[in-house]
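Structural overview for review
Listed below are the residues making up each chain.
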Amino acid sequence: MSEPPIDPGAFRGLMARWATGVTVVTAHHAGRDAGLTVNAFLSVSLRPPSVLVSLMHDVDTLPVIAASGTFAVNVLAADQRALSERFARTVASEEKFRGVGVHRGPDRLPLLDGTLGAIVCRTAATVPQFDHRLLVGEVVRQELGREAPPLLFYRSSYVEPDPDGRVTLPRSGRP
Ligand SMILES: Cc1cc2nc3c(=O)[nH]c(=O)nc-3n(C[C@H](O)[C@H](O)[C@H](O)COP(=O)(O)O)c2cc1C
């Protein structure tokens, strides 16, 4: 198949039309917490329960996951946008967690308070691909959290459904 190369900006514009939820992936090793905002997340299989997250190869959280062999996926509620913004910042991990309510899962994994749920995984496979690493996690524990609308990401913007779940999407005309 011979096709002209795809412009990355055009590709980003198309993918921006794919609406997602928002998660914070957290990890812990040797007394250190780490975490980052992730929307490249999907479930892989039900038997066994497994998920996949795609992380840029240079994020600070990756070495912590590599060392511990575990990670958690915290699914954010609509009123947790500030947490998403905080964990997307390029600051030291202690700074990200300062003042954030967490409780501890297996191996002291930090699980964020007030989420819709948390999925604790053992890393089953790590696949380096282009400038990302795909982490497949086998779910070893799950925690169902609040019953509330989810935080969404669409057209490069956060979308926060109201408490009844009603959504106003960003106007068209954006990418
Ligand atoms: C809505 C949103 C979704 C994101 N999704 C991802 C993702 O799926 N994978 C990724 O590697 N980075 C993603 N990022 C960027 C990281 O959160 C950001 O680079 C972070 O600062 C990395 O933190 P760390 O280097 O401390 O681990 C996302 C950012 C935002 C705002």
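What you are looking at is a predicted structure, and each value in this text was computed from that prediction instead of being measured. (Residues numbered from 1 in each chain as written. Predicted model: local features only at pLDDT ≥ 70, side-chain atom pairs only at ≥ 80, totals over all residues. Heavy atoms only, no water.)

**Quick look at the overall build of the chain**
For the record, the criterion: Secondary structure elements follow DSSP: runs of H or I no shorter than four residues count as helices, runs of E no shorter than two count as strands, and numbering proceeds from the N terminus. Only the C-alpha atoms count toward the radius of gyration. The rule for a globule is 2.2 Å times the residue count to the power 0.38. Each residue gets one of three labels from its accessible area relative to the maximum for its type: buried under 20%, exposed over 50%, partly exposed in between, using a 1.4 Å probe on protein chains only. Contacts between residues were defined by any pair of non-hydrogen atoms, one from each residue, lying within 4.5 Å. Throughout, the Shrake-Rupley method with a 1.4 Å probe supplies accessible areas, and for residues the shown protein chains are the sole cover considered.
The number of helices and strands found in the chain is 4 helices and 12 strands. In terms of overall size, the chain behaves like a compact globule, its C-alpha atoms giving a radius of gyration of 17 Å where 175 residues would be expected to give roughly 16 Å. Going through the 175 residues of the chain one by one, you find that 37% of them count as buried. Taking the intrachain contacts of the chain between residues at least 6 apart in sequence as the baseline, contacts between residues at least 24 apart amount to 61%. A total accessible area of about 10,400 Å² is found for the chain, and carbon and sulfur atoms account for 55% of it.

**Observations regarding the site of the ligand**
Quick reminder of the rule: It suffices for a single heavy atom of a residue to lie within 4 Å of a molecule or strand for the residue to be listed as near it. Polar contact is the term for a pair of N or O atoms within 3.5 Å; when the atoms are in protein, one must be able to donate a hydrogen and the other to accept it, and sequence-neighboring residues count only if both atoms are side-chain atoms. Throughout this entry, Asp, Glu, Lys and Arg are counted as charged residues, while Ala, Val, Leu, Ile, Met, Phe, Trp, Tyr, Cys and Pro are counted as nonpolar. The remaining residues, Gly among them, count as polar.
Surrounding the ligand, one finds 18 residues, the nearest of these being Thr37, Met56, Asp60, Thr61 and Lys96. Contact between the ligand and Asn39: a nitrogen atom at 3.1 Å from a main-chain N or O atom of the residue. One of the backbone nitrogen or oxygen atoms of Ala40 is found 3.0 Å away from an oxygen atom of the ligand. The set of elements that each furnish at least two residues to the shell around the ligand consists of strand S3 (32-38) and strand S5 (49-56). Here the shell around the ligand is composed, by residue class, of 10 nonpolar, 5 polar and 3 charged.

**A word on the packing of aromatic side chains**
We count it as follows: Only rings of Phe, Tyr and Trp enter the pairing, Trp through its six-membered ring, and a pair is recorded when the two centres are within 6.5 Å. The plane angle decides the type: under 30 degrees is stacked, over 60 is edge-to-face, the rest tilted.
For the structure on display, the rule yields 2 aromatic pairs. Centroid distance Phe87 to Phe97: 5.0 Å. Interplanar angle 80°. Geometry classified as edge-to-face. Residue Phe87 is found in helix H3 (residues 81-87), and its partner Phe97 is found in helix H4 (residues 93-97); the two are separated by 10 residues along the sequence. Ring geometry for Phe153 versus Tyr158: centroids 5.2 Å apart, planes at 70°, classification edge-to-face. Since its relative accessible area comes to 26%, Phe153 is described here as partly exposed.

**A few points about the nonpolar core**
Under the convention used in this document: Joining through side-chain atoms within 4.5 Å is the link that ties buried Ala, Val, Leu, Ile, Met, Phe, Trp, Tyr and Cys residues into a set, and such a set is a nonpolar core.
Among the nonpolar cores identified, the biggest contains 17 residues, and Val25, Val53, Leu55, Ile65, Phe71 and Leu135 are the most heavily contacted of them. At the level of elements, strand S2 (23-29), S3, S5, helix H2 (61-68), strand S6 (70-75) and strand S9 (117-129) are the ones that each hand at least two residues to this core. Leaving out residues up to four positions away in the same chain, Ile65 has contacts with Val25, Ala27, Leu55, Thr70, Phe71, Thr123 and Leu135. Counting residues in hydrophobic clusters, the runner-up holds 9 residues, among them Leu76, Leu83, Val100 and Leu112.

**Quick look at the sheet that holds strand S10 (residues 132-144)**
Where we set the bar: Two strands are said to pair when DSSP picks up at least two bridges between them. Comment: axis = line fitted to C-alpha atoms, over the contacting stretch for helices; angle = value between 0 and 180 degrees taken between N-to-C directions.
On the basis of which strands lie adjacent, the open sheet formed by 7 strands has the order S3-S2-S6-S9-S10-S5-S4 and antiparallel pairing. The outermost strands of the open sheet, each flanked by one partner alone, are S3 and strand S4 (41-46). Adjacent strand axes in the sheet meet at a mean angle of 30°, parallel and antiparallel pairs treated alike. Pairing geometry for S5 and S10, over 7 bridges, is antiparallel. Each bridged residue has a counterpart across the sheet, and for Val51 the counterpart in S10 is Gly137.

**What to know about the pairing of S4**
Where a strand is regular, its side chains alternate between the two sheet faces. As defined by bridge partners, S4 adjoins S5 across 5 bridges and the pair is classed as antiparallel. When the bridges of S5 are listed, Ser45 appears paired with Ser50. Where S4 folds back on S5, the antiparallel hairpin that results is connected by 2 residues.

**Let's talk about a nonpolar patch on the surface**
Just so we agree on the cut-off: The patches reported here contain residues having more than 30% relative accessible area and no salt bridge. Joining distances are 9 Å for like charges and 5 Å for nonpolar side chains (Val, Leu, Ile, Met, Phe, Trp, Tyr). For this document, the term salt bridge refers to a Lys or Arg side-chain nitrogen within 4 Å of an Asp or Glu carboxyl oxygen.
A cluster of nonpolar residues, Ile6, Phe11, Leu14, Met15 and Trp18, forms a patch on the protein surface that exposes about 610 Å² of accessible area. Checked against the element boundaries, Phe11 lands in helix H1 (residues 8-15). Judged by relative accessible area, Phe11 falls into the partly exposed class, the value being 48%.

Treat this as a map of the structure, not an account of what it does.
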